[in-house]
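Tertiary structure, described
So you can see what is in the structure, the chains are spelled out below.
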Amino acid sequence: RWHEAVRLLFELHAMAKEGRARDPFLLSSRAFGLLCALCAAPSGERDADASLSARAEGYIRTHFASPMGIADVAAFLQVSQSHLSREFYRETGGRPIDYLTRIRLDRAVDMLTSGEKSVREVGTACGFSGGNYFSKVFKRHMGMTPVEFREYVRREGYSKTQIYAVEAYFQSRRTTLAEQAAG
């Protein structure tokens with residue numbers, strides 16, 4: 001199957017070859033259609049122009065549920081882990097592993113609030129290596145275990161804004177404790 005832009009390019013070529021390319025408005029319209037088709041290329045076709053961090057984020061969003069790490073992302077992008085980490089931080093201000101964890105936790109929060117899967121099943125479905133590791137990471141970021149979170153949501157209701165506020169509180173508390181320990 002031809003891409004729409006290729007089809008339009010062949011159509012323009014045929015018009016010129018057959019002598020039908022005399023109307024400037026028709027030519028302008030066809031050229032504009034060609035440009036629009038090029039701009040609407042699927043994301044996989046535009047990836048070469050995307051920044052390294054944008055390509056890494058796209059790969060992470062697509063593959064977060066598989067048991068992968070930053071080494072896998074770097075291998076896919078054909079760069080070293082250190083280069084990926086350095087460029088990702090330069091472009092986003094964060095680390096790729098933190099982005100991966102955030103994506104996994106977002107999905108876990110959705111699964112914990114909308115279903116009855118076990119903690120282990122949720123963790124595995126979100127790309128964590130097991131239920132215990134998932135619980136440890138979840139508690140470190142959210143301030144409560146997945147089971148406590150599920151009970152809290154059933155008791156108090158659920159709002160992603162509230163969940164992000166809880167996570168931000170525990171993140172700032174960890175930063176403060178780390179600064180106190182270092183100083």
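Residues numbered from 1 in each chain as written. Predicted model: local features only at pLDDT ≥ 70, side-chain atom pairs only at ≥ 80, totals over all residues. Heavy atoms only, no water.

This brings us to the overall build of the protein. A tally of regular secondary structure across the protein gives eleven helices and zero strands. Ordered by position in the sequence, the α and β elements of the protein form the string α-α-α-α-α-α-α-α-α-α-α. Expressed as a percentage of its 183 residues, the buried residues of the protein come to 31%. Pairs at least 24 residues apart make up 58% of the contacts formed inside the protein by residues separated by at least 6 positions. Surface exposure of the protein reaches about 11,700 Å², of which carbon and sulfur atoms provide 56%. (Helix = DSSP H or I, 4+ residues; strand = E, 2+ residues; numbered from the N terminus. Buried < 20%, exposed > 50% of the residue type's maximum accessible area, 1.4 Å probe, protein only. Contact = heavy atoms within 4.5 Å. Areas by Shrake-Rupley, 256 points an atom, 1.4 Å probe, with all protein chains shown as cover.)

Turning our eyes to something else, we now look at the nonpolar core. Taken as a class, soluble globular proteins show a tendency for nonpolar side chains to be buried jointly. Among the nonpolar cores identified, the biggest contains 16 residues, and Val 122, Phe 134, Phe 138 and Phe 149 are the most heavily contacted of them. Secondary structure elements with two or more residues in this core: helix 7 (96–114), helix 8 (119–125), helix 9 (131–142) and helix 10 (146–156). Per-element tally for this core: the top contributor is helix 7, with five residues. In this structure, Ala 56, Tyr 59, Phe 88 and Tyr 99 belong to the second largest nonpolar core, which totals 15 residues. (Core = buried A, V, L, I, M, F, W, Y, C linked by side-chain atoms within 4.5 Å.)

This part covers helix 10. Among the residues making up helix 10, those that are buried are Pro 146, Phe 149, Arg 150 and Val 153. The buried residues of helix 10 all sit within an arc of 100 degrees when viewed along its axis, so they share a single face. Looking at the residues trailing helix 10, positive phi occurs at Gly 157, about 95 degrees. (Arc of directions from axis to C-beta.)

Take the packing of aromatic side chains next. Taken as a whole and judged by the stated rule, the model has six aromatic pairs. Both rings, one in Phe 128 and one in Tyr 133, keep their centres 6.0 Å apart while their planes meet at 55 degrees; by these two values the pair is tilted. Note on Tyr 133: relative accessible area 43%, which makes it partly exposed. With a centroid separation of 5.4 Å and an interplanar angle of 65 degrees, the aromatic rings of Phe 138 and Phe 149 are classed as edge-to-face. Here Phe 138, found in helix 9, pairs with Phe 149, found in helix 10; they are eleven residues apart in sequence, far enough to count as distant. Overall, the relative accessible area of 1% leaves Phe 149 in the buried class. (Phe/Tyr/Trp six-rings, centres within 6.5 Å; stacked < 30°, edge-to-face > 60°.)

Within the protein, residue pLDDT values average 81, and 78% of them lie at 70 or more. Throughout residues 43–47 the model reports pLDDT below 50, and contacts reaching past four residues in sequence, or to other chains, amount to five contacts. (pLDDT = per-residue confidence, 0-100.)

A few words now on the pattern of salt bridges. For the coordinates displayed, the defined rule picks out six salt bridges. Glu 156 is the salt-bridge partner of Arg 155, the closest N and O atoms lying 3.4 Å from each other. Arg 155 sits in the exposed class, given a relative accessible area of 58%. Bridged by salt links that share partners, the residues Glu 87, Arg 90 and Glu 91 form one connected network. (Salt bridge = Lys/Arg side-chain N within 4 Å of Asp/Glu carboxyl O.)

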